[in-house]
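# What the coordinates show
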Amino acid sequence: MNIAFPLGLLICIVLLVFGIVFGQDSGYIAGFLNAPAFLIVVGGTAAALFASFPVRMTAKMFRHIPVILGLTKQDPAKTIKIIADLSYVARKQGLLSLEESVEEYDDVFLRDSVKLAVDAVDPVKTRMQLENELSVIEARHAQNWEIYDRGAALAPGFGMLGTLAGIIIMFGGLRFEEEGGMPFFSGSLSLAFAAVFYGILLVNLFFIPAASQLRAAHAEEMFCKELIIEGVIAIQAGENPRHIEEKLKTFLTQSERRKAEAAYDEEA
């Protein structure tokens, strides 16, 4: 699990509460809790997002949670080990044997890539087809973080909308002479500033970090898929399994190489 996202949120909230509580002698925090402002900003942003995208796209936001939390993290070292194992199977039992061996893996892209190679498609055409599929996946993933980018653009606008609403209420009903005028004044002013506060908080605490995590997860997934393409093409070309393994390891950092070697040692 990638603890960066929840840990970052927790640290930010703790520091924010600390600053609010100890930033003034009274430790007054209730002023930051404003239900109307919260509904305007959070509810308005959610409704605008729902109106901006097809339902099938906004419904995917719940499925993004495991990705944002790193529960579906890709492992390049594991990918290389799988490719190396398949290359040894192809060397010993022939390329056709891979069609059955690859069924035990959950990666759809890996299975499709191996089956494409088994079908004896020309290596150049195989690479072109797989790279085209990568382009389609990248375009589909870009739609995912576009939702959060749009949310980051919408939330400050609804914060300003709440501010304007508070100011209009304040000046529309301002009665300093009448009894109860000041509470009315302070309540509308609280709405005005709390709305901006919530808008900025929503952008910096949720939308931007979530979009960044999705982009990072996308980059990791694309990297592993590129390793699969290189490995499958090498297997199809009949290259030596040890050479395939070492070639793929050149794409890794030193720490990732050590992790891959440790995985092989455990298997041995």
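Remember, it's a predicted structure, so these values are computed and weren't measured experimentally.

In this structure, Ile 83, Leu 86, Leu 98, Phe 109, Leu 110, Val 114 and Ile 235 are the most contacted members of the largest nonpolar core, which totals 28 residues. Those elements giving two or more residues to this core turn out to be helix H5 (76–93), helix H7 (108–118), helix H8 (123–172), helix H9 (181–236) and helix H10 (241–249). Ranked by residues supplied to this core, first place goes to H9 with eight residues. If we skip the residues at most four places from it in the chain, Leu 110 touches Ile 82, Ile 83, Leu 86, Val 102, Tyr 105 and Ile 228.

Topologically, Ala 210 is positioned in helix H9. Judged by relative accessible area, which is 0%, Ala 210 ranks as buried. In this structure, the C-alpha to C-alpha distance between Ala 210 and Ile 65, residues 145 residues apart in sequence, is 8.9 Å. Once you skip the residues sitting within four places of it in the chain, Ala 210 turns out to touch Phe 5, Ile 68 and Tyr 148.

Further remarks concern helix H2 (residues 35–52). A rise of 1.5 Å per residue sets the reference length of H2, with its 18 residues, at 26 Å; its end C-alpha atoms lie 25 Å apart and thus fit the reference within 8%. For H2, the full list of buried residues reads Ala 37, Val 41, Gly 44, Thr 45, Ala 48 and Leu 49.

As a further point, take the confidence of the model for the protein chain. Looking at the protein chain as a whole, its pLDDT mean stands at 82, while 84% of the residues score no less than 70. Per-element confidence in the protein chain ranges from a low mean pLDDT of 68 for helix H11 (residues 254–267) to a high of 90 for H2.

Those residues of H10 that sit buried are Pro 241, Ile 244, Glu 245, Leu 248 and Lys 249. Down the axis, H10 shows its buried residues gathered within 130 degrees of arc, on one side only. Between the side-chain oxygen of the N-cap and the backbone nitrogen of Arg 242 there are 2.8 Å, and the N-cap of H10 in question is Asn 240.

Under the defined criterion, the tally for this structure stands at five aromatic pairs. Each member of the aromatic cluster is reached from another via a ring pair, and the members are Phe 38, Phe 197 and Tyr 198.

Okay, the side chain of His 64 next. Mapped onto the elements of the fold, His 64 is located in helix H4 (residues 64–68). Relative accessible area serves as the criterion here: at 5%, His 64 is assigned to the buried category.

Our next topic: the pattern of salt bridges. Within this structure, the stated rule accounts for 11 salt bridges. Across the salt bridge formed by Glu 103 and Lys 115, the nearest N and O atoms sit 2.7 Å from each other. Of this pair, Glu 103 sits in the loop between helix H6 (98–101) and H7 while Lys 115 is found in helix H7, placing the two residues 12 residues apart along the sequence. Across the pair Glu 146 and Arg 150 runs a salt bridge whose closest N-O atoms are separated by 3.5 Å. Placement of both Glu 146 and Arg 150 in helix H8 is noted, with a separation of four residues, approximately one turn of the helix. Judged by its relative accessible area of 32%, Arg 150 is partly exposed. Through salt bridges with shared partners, a single ionic network connects Arg 242, Glu 245, Glu 246 and Lys 249.

Basis of the calculations
- Residues numbered from 1 in each chain as written.
- Predicted model: local features only at pLDDT ≥ 70, side-chain atom pairs only at ≥ 80, totals over all residues.
- Heavy atoms only, no water.
- Core = buried A, V, L, I, M, F, W, Y, C linked by side-chain atoms within 4.5 Å.
- Buried < 20%, exposed > 50% of the residue type's maximum accessible area, 1.4 Å probe, protein only.
- Helix = DSSP H or I, 4+ residues; strand = E, 2+ residues; numbered from the N terminus.
- Contact = heavy atoms within 4.5 Å.
- Expected span 1.5 Å × (residues − 1).
- pLDDT = per-residue confidence, 0-100.
- Arc of directions from axis to C-beta.
- Polar contact = N/O pair within 3.5 Å; in protein donor to acceptor, adjacent residues only side chain to side chain.
- Phe/Tyr/Trp six-rings, centres within 6.5 Å; stacked < 30°, edge-to-face > 60°.
- Salt bridge = Lys/Arg side-chain N within 4 Å of Asp/Glu carboxyl O.

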